Amino acid sequence: MELFKYMEQDEYEQVVFCQDKDSGLKAIIAIHDTTLGPALGGTRMWTYASEEDAVIDALRLSKGMTYKNAAAGLNLGGGKTVIIGDPKKDKNEAMLRAFGRYIQGLNGRYITAEDVGTTVEDMDTIYQETNYVTGISQAFGSSGNPSPATAYGVYRGMKAAAKEAFGTDNLEGRVVAVQGVGNVAYHLCRHLHEEGAQLVVTDIDQDAVQRAVDDFEAKAVDPNDIYDVDCDIYAPCALGASVNDDTISRLSASVIAGSANNQLAESRHGDILYEKGIVYAPDYVINAGGVINVADELYGYNRERAMKKIETIYDKIAKVFEISKRDDIPTNVAADRMAEERISSIHHARSTFLQNEHHVISRR
Ligand SMILES: NC(=O)C1=CN([C@@H]2O[C@H](COP(=O)(O)OP(=O)(O)OC[C@H]3O[C@@H](n4cnc5c(N)ncnc54)[C@H](O)[C@@H]3O)[C@@H](O)[C@H]2O)C=CC1
Ligand SMILES: CC(C)CC(=O)C(=O)O
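Rules of the game
Residues numbered from 1 in each chain as written. Chains lettered and ligands numbered in written order. Predicted model: local features only at pLDDT ≥ 70, side-chain atom pairs only at ≥ 80, totals over all residues. Heavy atoms only, no water. Near = heavy atom within 4 Å. Polar contact = N/O pair within 3.5 Å; in protein donor to acceptor, adjacent residues only side chain to side chain. Helix = DSSP H or I, 4+ residues; strand = E, 2+ residues; numbered from the N terminus. Nonpolar A, V, L, I, M, F, W, Y, C, P; charged D, E, K, R; others polar. Domains from an automatic or database assignment. Axes fitted to C-alpha atoms, helices over the stretch in contact; angles between N-to-C directions. Parallel < 35°, antiparallel > 145°, perpendicular 65-115°, else oblique. Left-handed = near helix turned anticlockwise from the far one by under 90°. Contact = heavy atoms within 4.5 Å. Buried < 20%, exposed > 50% of the residue type's maximum accessible area, 1.4 Å probe, protein only. Pairing = 2+ DSSP bridges. Right-handed = clockwise from strand over helix to strand, strands pointing away. Buried area = accessible area lost by both parts, 1.4 Å probe. Salt bridge = Lys/Arg side-chain N within 4 Å of Asp/Glu carboxyl O. UniProt positions renumbered as here; feature names shortened; annotations may be inferred.

What about the site of ligand 1?
Part 1 of the argument: In the neighbourhood of ligand 1, 20 residues make up the surrounding shell, with T150, N183, D203, A238 and N261 lying closest.
Part 2 of the argument: The separation between an oxygen atom of ligand 1 and a polar main-chain atom of N183 is 2.8 Å.
Part 3 of the argument: Residue I204 places a main-chain N or O atom 3.5 Å away from a nitrogen atom belonging to ligand 1.
Part 4 of the argument: Where the shell around ligand 1 is concerned, the elements lending two or more residues are α5 (147-166) and α6 (183-195).
Part 5 of the argument: Grouping the constituent residues of the shell around ligand 1 by class yields seven nonpolar, eight polar and five charged.
Part 6 of the argument: In this structure, the shell around ligand 1 is formed jointly by two domains, domain 1 (3-63 + 77-140) and domain 2 (147-323), each of which donates at least three residues.

Below is the structure:
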């Protein structure tokens, strides 16, 4: 791939390749934009088909974080890491500590947290080498695992989307098809079950499926059949690009609302959803609960304050629908507009000169 061309196109600031042969570390830290503050975004560990796929994932995810953090009203830029490897087999202490030292070397330009394939315990290991890590154990005064917070935000956003589609945000009796019942979706299913929604779930991990069946009376289907389920709401909670040319025509849902990052394979799929009248809750707006939760650590973590902010994902999603209707644009474009307007207005507001220690003439 022509990396610099790709970076120029979407104005990426920096990409850092980290390798440590002894531990097997192969990581890519992508920093998209730090206009609003240090780039905060999780670390994903995954078995990529190629190194190019890993680079593209890191780049796309980091850009998503810029928009997510901006739309959530956080003073943070966007970044993300991918570690190439199987989190079940390839992870080890030395690898995570080597990675922590690379983060430390960025001197605060990038702050990490959990994502697919990494855990609170992994963040604790990284914390041995750098302070620029969030979502570490609560015993350290940290916020812990962000997944329940993400799930609560998705639940709130899903209710706002249901209100838009059905005229009521009551989810009792609604059929929700959930793709991927991992860390976030397990907690999402709990909220939905408590409200009386009927769950249809799938996962490539049978244990995860069984847990949802046992705990929430969910019905299980095969991974490839989730798109054909007769449902009101489709909740993509696995990896990205599950809304694509093949799946859109198969979905019967009136609402798409889930936790996965980069749900649309391409931006044009948002246009198709809009034309079909399917209410799409943009991924980075609805799934911001986790980052809101970990970002609160920068102020001295206060759970009540964080949860109050996560509650407002309902209003954020409603605002996106309002912009979409006002300007007659797809909801993903409306969300981008909301985020870009904030970045550009803050960029402008912060452009006036402020003195710092480099400008004190008396020091000369
Ligand atoms: N953990 C968090 O707080 C946040 C997570 N997200 C996003 O939400 C999504 C889920 O994250 P987590 O729950 O943390 O990850 P996870 O790894 O715990 O769960 C993902 C689940 O999806 C399953 N899966 C993967 N490919 C699949 C496929 N083709 N069909 C069915 N199931 C499949 C996996 O087996 C796993 O159980 C990811 O896209 C992540 O980036 C976004 C914001 C915050
Ligand atoms: C897991 C979060 C804490 C941050 C992140 O990477 C995300 O929201 O995707």
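Okay, back to it.
Quick word on the packing of α5 against α6
Part 1 of the argument: Orientation of α5 relative to α6, taken along the N-to-C sense of each, is 45 degrees, at an axis distance of 8 Å. Compared by their axis directions, α5 and α6 come out oblique. The way α5 lies across α6 gives a crossing that is right-handed. Between α5, through S147, P148, T150, A151, Y152, V154, Y155, M158 and K159, and α6, the contact on the second element is made entirely by N183, V184, H187, L188, H191, L192 and E195.
Part 2 of the argument: Of the residues in the contact of α5 with α6, the class split is nine nonpolar, five polar and two charged.

Observations concerning the environment of R211
Part 1 of the argument: For R211, the position within the fold is in helix α7 (residues 206-216).
Part 2 of the argument: Taking the C-alpha atoms as reference points, R211 and V181, separated by 30 residues in sequence, lie 8.8 Å from one another.
Part 3 of the argument: Setting aside chain neighbours within four positions, we find R211 in contact with V181, G182, Y186 and F216.

A look at the pairing of strand β7 (residues 175-179)
Part 1 of the argument: The element β7 is extensively covered by neighbouring structure, given that five of its five residues are classed as buried.
Part 2 of the argument: With five bridges joining them, β7 and strand β8 (residues 198-202) adopt parallel strand pairing. Bridge assignment links V175 to a residue of β8, and that residue is Q198.
Part 3 of the argument: Following the backbone out of β7, through α6 and into the adjacent parallel β8, one traces a crossover that is right-handed.

Concerning the domain arrangement of the protein
Part 1 of the argument: By domain assignment, the protein separates into domain 1 (3-63 + 77-140) and domain 2 (147-323).
Part 2 of the argument: Here the C-alpha centre of domain 2 lies 25 Å away from the C-alpha centre of domain 1.
Part 3 of the argument: Opposite the 15 residues of domain 1 that make contact, domain 2 presents ten residues.
Part 4 of the argument: When the two sides are added together, the surface that domain 1 and domain 2 hide from each other amounts to roughly 960 Å², 57% of it contributed by carbon and sulfur.
Part 5 of the argument: Linking domain 1 to domain 2 there are zero salt bridges.
Part 6 of the argument: At the level of elements, β4 (43-46) and α2 (51-71) are the ones that each hand at least two residues to the side of domain 1 that touches domain 2.

Some remarks on the UniProt feature "active site" (unreviewed entry) in the protein
Part 1 of the argument: The UniProt record marks K80 with the feature "active site" (unreviewed entry), using the residue numbering of this structure.
Part 2 of the argument: Among the secondary structure elements, K80 is positioned in strand β5 (residues 77-84).
Part 3 of the argument: Every residue in contact with K80, bar those within four places of it in the chain, is listed here: I28, I29, A30, G41, G42, A58, L61, S62, M65, Y110, D115 and N261.

As for the environment of V176
Part 1 of the argument: Mapping V176 onto the fold places it in strand β7.
Part 2 of the argument: Separated by 105 residues in sequence, V176 and A71 place their C-alpha atoms 26 Å apart.

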